[in-house]
Structures are given as structure tokens and as C-alpha cells.
Amino acid sequence: MERLLATNISKIMKFIDIGANLTDPMYKGIYNGSAKHEPDLPHVLERSWTGGLDKIIITVGTLADCAPTFEIVKNDERLFATVGCHPTRCGEFVPDPEGYFASLCQQIEQHREKVVAIGECGLDYDRLQFCDKAIQQQYFEKQLELAARYDLPLFLHCRNAHDDFAAILRRNRDKLPRRGVVHTFDGSLEAAEALIADGYAIGINGCSLKTEENLSVAAKIPDESIMLETDSPWCEIRPSHAGSKYVRSKYPTVKKKEKWEAGSLIAGRCEPVMISQVLEVLAGIKGKPAAELADQYYKNTAKMFFPAKGSD
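Predicted, not measured: the structure shown is a model, and the values here were computed from it.

1. With respect to the sheet that holds strand 8 (residues 180–182)
Part 1 of the reasoning: Strand order in this open sheet of eight strands is 1-4-5-6-7-8-9-10, and the pairing throughout is parallel. Each end of this open sheet is capped by a strand with a single partner; those strands are strand 1 (15–20) and strand 10 (226–228). Strand-to-strand twist across the sheet, computed as the mean angle between neighbouring axes with direction ignored, equals 30°.
Part 2 of the reasoning: Sheet topology places strand 5 (residues 79–83) next to strand 6 (residues 115–124); three bridges connect them, and they run parallel. Following the sheet pairing, Val83 is matched in strand 6 by Ile118.

Listed below in C-alpha cells is the structure:
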């Protein structure tokens, strides 16, 4: 099936996926705690490389994610990682704040060549049942110290919290020369413009392109401020999404248990190879050639996360 995935778009373009959750149990064949098929991450990665991915940054959202993440990235020069604590998991700091922070530092120092950003960190007011505002704010700001200490950009999360999120970043701006990217952006144009004015990039994936309002905002974001991502296994572009009418590349899928075989794409599970669809939607709403945008977005991403390599 991998042979079917080589599309014209991926043959002439290369991508960097800035956010893929490759430690998710779905890539071990586990859905809602139930095993449905064999682990297939090697197949997922092979499809990625065949489909034009040049590099993938694996998202770490908690200290416990670090060990499996670095096991995945250690033997592949195309794989990298973030290190940080997701806002909904910031309660993990509370029992021993300094110890948790020191453990994050240790992970960065032990894997310095593989860590390209601090995160996923930020604020999420849509899911306060997992962690209250005060705790999120305290340990979001604490993690900015990691970016300053290790001179790394931020991989940021913001849900229904723009004012507090922006205020924390602004009062720490002098210690954050590398800035970062706000991933899965689905906010207003005004919010995007404010973040860009402060030096931050905007990460776009399928969840950024669900509604006509989303498309209107994304169409107006400057190309030099956009980075592409999938947020795999989440944020696929579904037929019900406004952006789906611009999708050209198709990926045949099977149901996760009934028809799975090695090499199958799973219905409802996003993969990094599907980044081409995000590009297609952006090309459609902006009325620009996909190749031109792919080159710009690649350069934006390389400049932030891989500056030693430039934008080659």
C-alpha cells in the first residue's frame, strides 16, 4: 500500500512536521485501551519518508513521554523531539516542583542533539477539569526558564486563553530570543497578528482548518509566519471540515481491526504523511502554488528549529 501513497505533490516537495505524537498508543495498535492490530510505527515512518517528510519533531507532553520518545528518535537522524509539560498535565509539577523541573533539565541535557524545542507548554482553558488556571499559569511560566537556559524555541499550546497566554510571553520576552511557534492555531486573526508581532510563528494543521472562519483567518496569515504540522494521530482533515474541499492527495484507509494488514493506513488516525493535505488546503485558500508555499514553510521551520543546517 505504501506504493500507492507517492503523490505528485510529495515527489517534488519536502516537509518538516513540527508536531507528531508518535508515542501515542494508536501507533502500537491500541485504541481506548483495547488492542486492535500489531504495532505499526515503522510503517507509519516509512510512509512519511516516502511521502516527502524530511524531518519530524515528536511532541513530548509530560516527563513520562521522554523515555519512549528518545527510544524512537535515537537511531534516526530525521527524528527530533520537544521536552516539556502540556498545560493539562501541569499538576505533575505540584508534588515536587523543583524535582520535576530538574528532571526536565536532565532529559534535555542527556539528549541535547535531539531536543529542538521546549514544550508542549502553554495554557488550555477548555480543559480546566484536568488542571486549574493558576497551576497552568505558574508552570507555563516556569518552563520558559528552560527555553532561556538552553537557548531553545518554544512549542506552544493555547486554547481559549489568549490574553493570559500572551501576557505571560510578553513579560518574559527579554529571556526568549528564540521565540517559538503556537501550534494547532485556531484563534482569531487579531490573535495571530499579535503573536506574529511578538516574533512567534503559527502552526497550522487540520484542526486549524475546520470552519470557514478558520479558513478566512489562515488565508490572511503571512506565509513567512506559517509552519506545517499534523498533530498525529489527531487533527486529520475530515470530509466534514471546510478545508476538505481543497484536498487533492488521497490516502486509502482500512478499519483498524477488521481489515488491518502491515502497511495499512487506519481510518480516523492521522499520520505525518498527511501533511501534504494541510499544504493543499493552504494553497487553495491562498490561491498560490503549493510548491511555492511548501518551500517557504520548510524554510521557516528550518530557520527556527534547525538553524545550524539553514534552509537547505
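2. Some thoughts on the packing of aromatic side chains
Part 1 of the reasoning: Applying the stated criterion across every chain, the model contains four aromatic pairs.
Part 2 of the reasoning: The structure contains a cluster of three or more aromatic residues connected by ring pairs, namely Phe93, Tyr100 and Tyr139.
Part 3 of the reasoning: Between Lys114 and the ring centre of Phe80, over which it is positioned, the NZ or CZ distance is 5.0 Å.
Part 4 of the reasoning: The side chain of Lys142 reaches across the aromatic face of Phe101, ending 4.4 Å from its centre.

3. Considering the state of the cysteines
Part 1 of the reasoning: Applying the stated criterion across every chain yields a total of one disulfide.
Part 2 of the reasoning: Cys207 shares a disulfide with Cys235; S-S distance 2.3 Å. Here the disulfide of Cys207 and Cys235 is left-handed, its torsion about the S-S bond being about -100°. With Cys207 in the loop between strand 9 (201–204) and helix 8 (212–220) and Cys235 in the loop between strand 10 and strand 11 (253–254), this pair connects stretches of sequence that are 28 residues apart.
Part 3 of the reasoning: Cys207 sits in the buried class, given a relative accessible area of 17%.
Part 4 of the reasoning: Cys90 supplies the cysteine sulfur nearest to Cys121, a cysteine that is in no disulfide, at a spacing of 8.1 Å.
Part 5 of the reasoning: Residue classification places Cys121 among the buried residues on the basis of a relative accessible area of 0%.
Part 6 of the reasoning: Not part of a disulfide, Cys158 finds its nearest cysteine sulfur in Cys121, a span of 11 Å.

4. Things to note about the UniProt feature "binding site: a divalent metal cation 2" (unreviewed entry) in the protein chain
Part 1 of the reasoning: According to UniProt, the feature "binding site: a divalent metal cation 2" (unreviewed entry) maps to His157 and His183 in the numbering used here. In terms of the greatest pairwise C-alpha distance, the residues named above, spread along 27 residues, form a tight cluster of at most 6.0 Å across.
Part 2 of the reasoning: Assessed through its relative accessible area of 3%, His157 is described here as buried.
Part 3 of the reasoning: If we ignore the near neighbours within four places in the chain, the residues touching His157 are His86, Pro87, Glu120, Cys121, Gly122, Leu123, Asp124, Arg127, Phe165 and His183.
Part 4 of the reasoning: Residue placement: His183 occurs in the loop between strand 8 and helix 7 (189–197).

Conventions used here
- Per chain, the residues get numbers from 1 upward, laid out in the order the sequence is written.
- Reporting of local features is limited, given that this is a predicted model, to residues whose pLDDT is at least 70; pairs of side-chain atoms are given and counted only at 80 or more, and all residues count toward the totals for whole chains, interfaces and linings.
- Side-chain metrics in this entry use all non-hydrogen atoms of the structure; hydrogen atoms and water are not considered.
- Between any two strands, pairing holds if DSSP finds at least two bridges.
- A run of H or I in DSSP becomes a helix once it reaches four residues, and a run of E becomes a strand once it reaches two; helices and strands are each numbered from the N terminus.
- All axes here are fitted lines through C-alpha atoms, helices being fitted over the stretch that makes contact, and every angle between N-to-C directions spans 0 to 180 degrees.
- For this analysis, a ring pair means two rings from Phe, Tyr or Trp (six-membered ring only for Trp) whose centres lie within 6.5 Å, classed as stacked if their planes differ by under 30 degrees, edge-to-face if by over 60, and tilted for the remaining angles.
- We call a charge positioned over a ring when the NZ of a Lys or the CZ of an Arg lies within 6 Å of the ring centre and within 35 degrees of the ring normal.
- What counts as a disulfide here is a pair of cysteine sulfur atoms lying within 2.5 Å.
- Note on classification: 1.4 Å probe, protein chains only; a residue is buried when its accessible area is under 20% of the maximum for its type, exposed when over 50%, partly exposed between these limits.
- UniProt positions are given in the numbering used here, feature names are shortened, and annotations may be inferred rather than shown by experiment.
- For this analysis, residues touch if any pair of their heavy atoms sits within 4.5 Å.

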